[in-house]
Amino acid sequence: MHRERFYTLSASCPDRVGIVAKVSGFIAEHKGWILETSLHAEQPAEGESVGRYFMRIEIKADSLPFHLAEFRERFRPLAEELEMEWKISDSAVKKRVVMLVSKQEHCLYDLLARWQSKELDIEIPCVISNHDAFRGFVEWHGIPFHHVPVTADNKASAYAEVQRIFEEVRGDTMVLARYMQILSPELCAAYPGRIINIHHSFLPSFVGAKPYHQAWAKGVKLIGATCHYVTADLDQGPIIEQDVIRIDHSDAVEDMVRYGKDIEKTVLARGLRYHLEDRVLVHGNKTIVFR
């Protein structure tokens, strides 16, 4: 990635002739310097006559004679003409990522290590948990910790509190770093495309407790993890990233748990990075990821 400041324009629209020419022409008209371009034409879905076109363009920030607010105003008429879903972001503005965790620490530890080493160049305004176990660890990093218990009787008020905290700290993205609660439909609806989760790739085949034990008993040969956006439909949100690791009969349940933790950490961090860099474009339940 470039070290110089750049803007990222990500967009999708109904496919047609001339999309790239119109968008790149707009940028060139204002002396914009394109640093990187990723394009993809999707075939029409069943029952549709027109496919979808996806694009991601990085523009050298100081090549344009105006800031993002004016870019948005000038670009809006063209976006409307193309029936475009779009956004543009500034690489100089760090995303604010709120992390949610329960009792499994591996994803939280990994993300905080990547944040501390600047591999993830983000701000973490707080960590929220339904348990108090990691307060000391989180606060040792200088990050505020919020304990919001979740029970069968208080779920509505608990998730209202999670939403209040997220809004108060001006969160951009919410990451469920092995947060073992099902978010309310209201919370999911409030932040579409802004809540990221990690789960075992072989779920929901092995639902409920101890999925690795169930997988071992069935003699599975691959275990993996899926990073996806959260929707009201459990584990059915648009997929951002996946990976697997091969196992065999010599691996015990404990080995599988260890392998699973390793791959969960990797896939979550990779998926979060793609999201933060606006490399994930979503239309309906379909995702295009420009790696």
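The structure this text deals with has already been given above.
From a predicted model like this one, the values you see are computed outputs, not experimental measurements. (Residues numbered from 1 in each chain as written. Predicted model: local features only at pLDDT ≥ 70, side-chain atom pairs only at ≥ 80, totals over all residues. Heavy atoms only, no water.)

J.: How do you make sense of the overall build of the protein when you look at a structure like this?
T.: Scanning the protein from terminus to terminus reveals eight helices and 13 strands. Here the C-alpha atoms of the protein give a radius of gyration of 21 Å, agreeing with the 19 Å that 2.2 N^0.38 yields for 291 residues. Seen along its three principal axes, the alpha-carbon backbone of the protein occupies a region of about 60 × 45 × 35 Å. Nonlocal contacts in the protein, meaning residues at least 24 apart in sequence, comprise 67% of its contacts between residues at least 6 apart. In the protein, the 36 positive side-chain charges and the 41 negative ones have mean positions that sit 3 Å from each other. (Helix = DSSP H or I, 4+ residues; strand = E, 2+ residues; numbered from the N terminus. Rg over C-alpha atoms; globule rule 2.2 N^0.38 Å. Contact = heavy atoms within 4.5 Å. Lys, Arg positive; Asp, Glu negative; His and termini not counted. Charge placed at Lys NZ, Arg CZ, Asp CG, Glu CD.)

J.: Looking at this model, I keep getting lost on the sheet that holds strand β3 (residues 52-60). Mind explaining?
T.: Within a sheet, each strand pairs with its neighbour through backbone hydrogen bonds, oriented either parallel or antiparallel. Strand order in the open sheet formed by four strands is β2-β3-β1-β4, with antiparallel pairing between adjacent strands. The open sheet has two free edges, formed respectively by β2 (34-42) and β4 (85-90), since each of these has just one partner strand. Each adjacent strand pair in this sheet contributes to an overall mean axis angle of 10 degrees, direction not counted. Across eight bridges, the pairing between β2 and β3 is antiparallel. If you follow glutamate 42 over to β3, its bridge partner there is arginine 52. Together, β1 (6-14), β2 and β3 form the strand contacts of helix α1 (residues 19-29), whose direction differs from that of β3 by roughly 20 degrees. Seen against the sheet, helix α2 (residues 68-81) touches β1, β3 and β4 and runs at an angle of roughly 160 degrees to β4. (Pairing = 2+ DSSP bridges. Axes fitted to C-alpha atoms, helices over the stretch in contact; angles between N-to-C directions.)

J.: When you look at the pattern of salt bridges in this model, what are you seeing that I'm missing?
T.: Think of it this way: side chains of opposite charge can pair up when their charged atoms draw near. On inspection of all chains with the given rule, the structure shows 29 salt bridges. The closest approach of N and O atoms between arginine 52 and glutamate 85, which form a salt bridge, is 3.6 Å. Highlighted residues: arginine 52 in strand β3 and glutamate 85 in strand β4, separated in sequence by 33 residues. Under the relative-accessibility criterion, glutamate 85 is labelled partly exposed at 41%. (Salt bridge = Lys/Arg side-chain N within 4 Å of Asp/Glu carboxyl O. Buried < 20%, exposed > 50% of the residue type's maximum accessible area, 1.4 Å probe, protein only.)

J.: Could you clarify how one ought to interpret the packing of aromatic side chains in this entry?
T.: Both the distance between ring centres and the angle between the ring planes are used here to describe each pair of aromatic rings. Applying the stated criterion to the full structure yields eight aromatic pairs. Ring centres of tyrosine 109 and phenylalanine 134 lie 6.1 Å apart, and the angle between their planes is 75 degrees; on these two criteria the pair is classed as edge-to-face. Highlighted residues: tyrosine 109 in helix α3 (residues 106-116) and phenylalanine 134 in the loop between β6 (127-129) and α4 (135-140), separated in sequence by 25 residues. The class for phenylalanine 134 is buried, based on a relative accessible area of 8%. By way of ring pairs, the aromatic residues Phe26, Phe66, Phe71, Phe75 and Trp86 are connected into one cluster. (Phe/Tyr/Trp six-rings, centres within 6.5 Å; stacked < 30°, edge-to-face > 60°.)

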